[in-house]
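Reading the structure
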Amino acid sequence: MSSVIDRFLKYVQFDTQSDETSNSVPSTSKQLKLAQVIVDELKGFGLQDVRLSEQGYVYATLPANTSKSIPGIGFIAHLDTSPDFSGENVSPKLIENYDGTDILINPEKKIILSPAEFPELNNYVGQTLITTDGTTLLGADDKAGVAEIMTAVEYLTSHPEIEHGKICIGFTPDEEIGRGADHFDVQGFGADFAYTVDGGAIGELEYENFNAAKAIVQVHGRNVHPGHAKNKMINSILLANEFISHLPPAETPANTEGYEGFYHLNDISGNVELTTLHHIIRDFNQASFEKRKENLLLLVEELNQEFGADTFSIKITDQYQNMKTQIEPVIHIVDKAFAAMEAVGVTPQVRPIRGGTDGARLSFMGLPTPNIFTGGHNFHGKYEFIPAFAMEKSVEVILKIVELYTKDGK
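Fair warning: this is a prediction, and the values are worked out from it, not measured in the lab.

All right, on to the packing of helix H1 (residues 3-11) against helix H3 (residues 140-158) then. The interhelical angle for the contact between H1 and H3, taken along N-to-C directions, is 135 degrees, at an axis separation of 9 Å. Here H1 is positioned oblique relative to H3, judged by the angle of their axes. Of the two elements, H1 crosses H3, and the hand of that crossing is right-handed. Note on element contacts: H3 touches H1 through Ala140, Lys143, Ala144, Val146, Ala147, Glu148, Met150, Thr151 and Glu154, opposite Ser3, Val4, Arg7, Phe8 and Tyr11. For the contact of H1 with H3, the per-class residue count stands at 8 nonpolar, 2 polar and 4 charged.

The structure is reproduced here in structure tokens:
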């Protein structure tokens, strides 16, 4: 196997799930175990200024080896995996020379990865696929990105004859819970711009993302003994259903694509006395995004008029913004990635991110940061997989970006 695959299979053995309910930084200490391994590897490559911050961020610099005037280029990925599905005891399966049929990834549980449900599998007939065993996620989001950056850096350090400018490396914790850029040291990082290696299928190149907010709705009821509840009990669970039913059913993740925004109920918990609804709000257009937040506030107001004051309460918190406005003034960084992909035989797929990356917030912190592919599919669940050759191509793209900036000087 190639070095990027070996490295990826090593990294996924570390459980690095982040935890949205935690107030610590990083949110889980287990992320630091992989971070320390990365630090040791970077030092072994001979990089300078290798450091692990107390908040769990890894930084390193590969100094320029040429007198040419070349901008400092950053490459960034995140160490954590999603809390949506188990990342403990990951046991990847290698499917060599995939034949295009159903893949029985877990015979005991009869879990099948099928092209009937995931037609993108048809693009990889004859390739080696890395899948889960059906009991965990795989962790390609974003350990594939980490492995790809590390493999590219190792290649550059082992081939000192290759000219390059300053290369800045950064790995963040807690990206999956929206905190990846919270403590990122942009000034200390030292790059003029960067790329997150955190995308999906081979060829993805993204510099637009959702505007994002979360909305926590609390529904207050009144509990009394059900045998004596006539005209007394107020069941918050049933009232929560009233709130849910007023949201437009066509504007959910399962019914939207492209540039369409949505409301997403992603968690609900409660009892008769109190029910809590966790929503996320997403939209590419700033005006539409603000309108969605306004709609939820108005809905709470209307329902309180119907069911009583203070029955419903809501807290809306902005999470990140569409980075397009920050990238367009330096669009050459997108153009260069586009050219790099074409140069290594990858067809660029420029599309909006129906989500967010560290790069979205970093772009607003003064570090323009578009996103390039890792090669993975079906992140955050048991059907996750990644073609081995796509990871190898990602490494080639990183190296080609470095080469093109060295050649052009800008």
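By the definition in use, this model includes 15 aromatic pairs. Between Tyr59 and Phe184 the ring centres are 5.4 Å apart and the planes differ by 65 degrees, which places this aromatic pair in the edge-to-face class. With a gap of 125 residues between them, Tyr59 in strand S2 (residues 58-62) and Phe184 in the loop between strand S8 (167-172) and helix H4 (186-189) connect regions that are remote in the sequence. A residue is classified by how much of its surface remains accessible, and Phe184, at 6% relative accessible area, is buried. Relative to Phe284, the ring of Phe210 lies with its centre 4.4 Å away and its plane at 35 degrees, an arrangement referred to as tilted. Residue Phe210 is found in the loop between strand S10 (204-206) and strand S11 (211-220), and its partner Phe284 is found in the loop between strand S13 (274-283) and helix H6 (286-307); the two are separated by 74 residues along the sequence. Accessibility assignment for this pair places Phe210 and Phe284 in one class, buried. The rings of Tyr57, Tyr59, Phe184 and Phe189 are connected pair by pair, giving a single aromatic cluster. The positively charged end of Arg292 is found above the aromatic ring belonging to Tyr263, 4.9 Å away from the centroid. A cation over a ring is seen here: Lys336 above Tyr405, with NZ or CZ 4.8 Å from the ring centre.

As a further point, take the pairing of S13. Counting buried positions along S13 yields 8 of 10 residues, so the element is predominantly enclosed. Both strand S12 (residues 262-270) and S13 contribute to a ladder of 8 bridges, which runs antiparallel. Bridge pairing links Asp267 to His278 in S13. Remark: 3 residues form the turn of the hairpin made by S12 and S13, two consecutive strands paired antiparallel.

Moving on, we come to helix H8 (residues 332-343). Spanning 12 residues, H8 covers 16 Å between terminal C-alpha atoms, matching the ideal 16 Å at 1.5 Å per step. All of the buried residues along H8 are Ile333, Val334, Lys336, Ala337, Ala340 and Met341. Seen along its axis, H8 keeps its buried residues to an arc of 160 degrees; they face one direction. Elements that come into contact with the buried residues of H8 comprise strand S9 (193-199), S10, helix H7 (324-327), strand S16 (371-373) and helix H10 (388-408). Gly345 lies just past H8 and shows a positive phi near 85 degrees.

This part takes up the sheet that holds strand S17 (residues 385-387). The antiparallel open sheet is built from 3 strands, whose spatial order is S4-S7-S17. Each edge of the open sheet carries a strand with a single partner, namely strand S4 (93-95) and S17. Each strand of the sheet is rotated relative to its neighbour by a mean of 20 degrees, with strand direction disregarded. Alignment of S4 against strand S7 (residues 129-131), held across 3 bridges, turns out to be antiparallel. Bridge assignment links Lys93 to a residue of S7, and that residue is Thr131.

With mixed pairing, 8 strands are arranged side by side in an open sheet as S1-S2-S8-S3-S9-S16-S10-S15. Because the sheet does not close on itself, it has two edges, and the strands there are strand S1 (48-52) and strand S15 (349-350). Packing of helix H2 (residues 31-45) onto the sheet brings it into contact with S1, S2 and S8, and relative to S1 it is tilted by some 170 degrees.

Next up on the list: the side chain of Asn106. As for its position among the elements, Asn106 is in strand S5 (residues 103-106). In this structure the side chain of Asn106 is engaged in a polar contact, spanning 3.2 Å, whose partner is the backbone nitrogen of Glu108. Among all residues touching Asn106, those that are not within four sequence positions of it are Ile111, Asp133, Gly134 and Thr135.

Quick look at the packing of H8 against H10 now. Interaxial distance between H8 and H10 falls to 9 Å at its minimum, and their mutual angle equals 120 degrees. The orientation of H8 with respect to H10, classified from their angle, is oblique. Both H8 and H10 take part in a crossing whose hand is right-handed. Residue-level inspection shows His332, Ile333, Lys336, Ala337, Ala339, Ala340, Met341 and Ala343 of H8 in contact with H10, the latter providing Val397, Lys400, Ile401, Leu404, Tyr405 and Asp408. For the contact of H8 with H10, a count of residues per class yields 10 nonpolar, 1 polar and 3 charged.

Thresholds, definitions, all that
- Residues numbered from 1 in each chain as written.
- Predicted model: local features only at pLDDT ≥ 70, side-chain atom pairs only at ≥ 80, totals over all residues.
- Heavy atoms only, no water.
- Axes fitted to C-alpha atoms, helices over the stretch in contact; angles between N-to-C directions.
- Helix = DSSP H or I, 4+ residues; strand = E, 2+ residues; numbered from the N terminus.
- Parallel < 35°, antiparallel > 145°, perpendicular 65-115°, else oblique.
- Left-handed = near helix turned anticlockwise from the far one by under 90°.
- Contact = heavy atoms within 4.5 Å.
- Nonpolar A, V, L, I, M, F, W, Y, C, P; charged D, E, K, R; others polar.
- Phe/Tyr/Trp six-rings, centres within 6.5 Å; stacked < 30°, edge-to-face > 60°.
- Buried < 20%, exposed > 50% of the residue type's maximum accessible area, 1.4 Å probe, protein only.
- Lys NZ or Arg CZ within 6 Å of the ring centre and 35° of its normal.
- Pairing = 2+ DSSP bridges.
- Expected span 1.5 Å × (residues − 1).
- Arc of directions from axis to C-beta.
- Polar contact = N/O pair within 3.5 Å; in protein donor to acceptor, adjacent residues only side chain to side chain.

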